[in-house]
Amino acid sequence: MRILALNCGSSSIKCALIDSASGARLAEWHVEEIGRQARMRIAGQWRALAAHATFEQAATEILQEVR
């Protein structure tokens with residue numbers, strides 16, 4: 001089983017996809033500057049999100065990456 005752990009702050013979301021059997025992190029994402037010039041880090045690379053992206057839009061981007 002895989003678990004998606006989310007930590008939401010005032011303008012950021014940090015999350016990790018974890019294998020429940022081993023406890024290993026399979027992937028990590030970090031979205032910052034939500035509500036302003038939001039950007040997401042995936043595998044060490046930053047990608048801009050829509051200007052003034054909301055938490056809902058950021059979470060949608062994360063869920064698309066999980067698939």
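Residues numbered from 1 in each chain as written. Predicted model: local features only at pLDDT ≥ 70, side-chain atom pairs only at ≥ 80, totals over all residues. Heavy atoms only, no water.

## Focus: the sheet that holds strand β3 (residues 25-32)
Read across the open sheet, the five strands follow the order β1-β2-β3-β4-β5; overall the sheet is antiparallel. Lying at the two open borders of the sheet, with one neighbouring strand each, are β1 (2-8) and β5 (45-48). Mean inter-strand twist for the sheet, computed between neighbouring axes without regard to direction, equals 20°. Of the strand pairs in this sheet, strand β2 (residues 13-19) and β3 are connected by six bridges, and their pairing is antiparallel. Bridge pairing in β3 links I13 to V31. On the sheet, helix α1 (residues 55-66) packs against β1, β2, β3, β4 (39-42) and β5 and is oriented at approximately 25° with respect to β2. (Pairing = 2+ DSSP bridges. Helix = DSSP H or I, 4+ residues; strand = E, 2+ residues; numbered from the N terminus. Axes fitted to C-alpha atoms, helices over the stretch in contact; angles between N-to-C directions. Contact = heavy atoms within 4.5 Å.)

## Examining the confidence of the model for the protein
When the pLDDT values of the protein are averaged, the result is 94; 100% of them are 70 or greater. Taken element by element, the protein is modelled with least confidence in α1, mean pLDDT 92, and with most confidence in β2, mean pLDDT 96. (pLDDT = per-residue confidence, 0-100.)

## Overview of unusual backbone geometry
The general pattern is negative phi for most residues beyond glycine and trans for most peptide bonds. In this structure, E33 takes a positive phi of about 60° despite not being glycine. Along the chain, the position of E33 falls in the loop between β3 and β4. Accessibility expressed as a relative area gives 33% for E33, which makes it partly exposed. Here A43, not a glycine, exhibits a phi torsion of approximately 50°, which is positive. Residue classification places A43 among the exposed residues on the basis of a relative accessible area of 71%. (Buried < 20%, exposed > 50% of the residue type's maximum accessible area, 1.4 Å probe, protein only.)

## Some thoughts on the pattern of salt bridges
For the coordinates displayed, the defined rule picks out five salt bridges. For R39, the salt bridge identified is with E32, shortest N-O distance 2.5 Å. Looking at R39, the relative accessible area reads 32%, which means it is partly exposed. Judged by relative accessible area, which is 19%, E32 ranks as buried. Among the ionic pairs, E33 bridges to R36, the shortest N-O distance being 2.8 Å. Residues joined in a network through salt bridges with shared partners are R47, E61 and E65. (Salt bridge = Lys/Arg side-chain N within 4 Å of Asp/Glu carboxyl O.)

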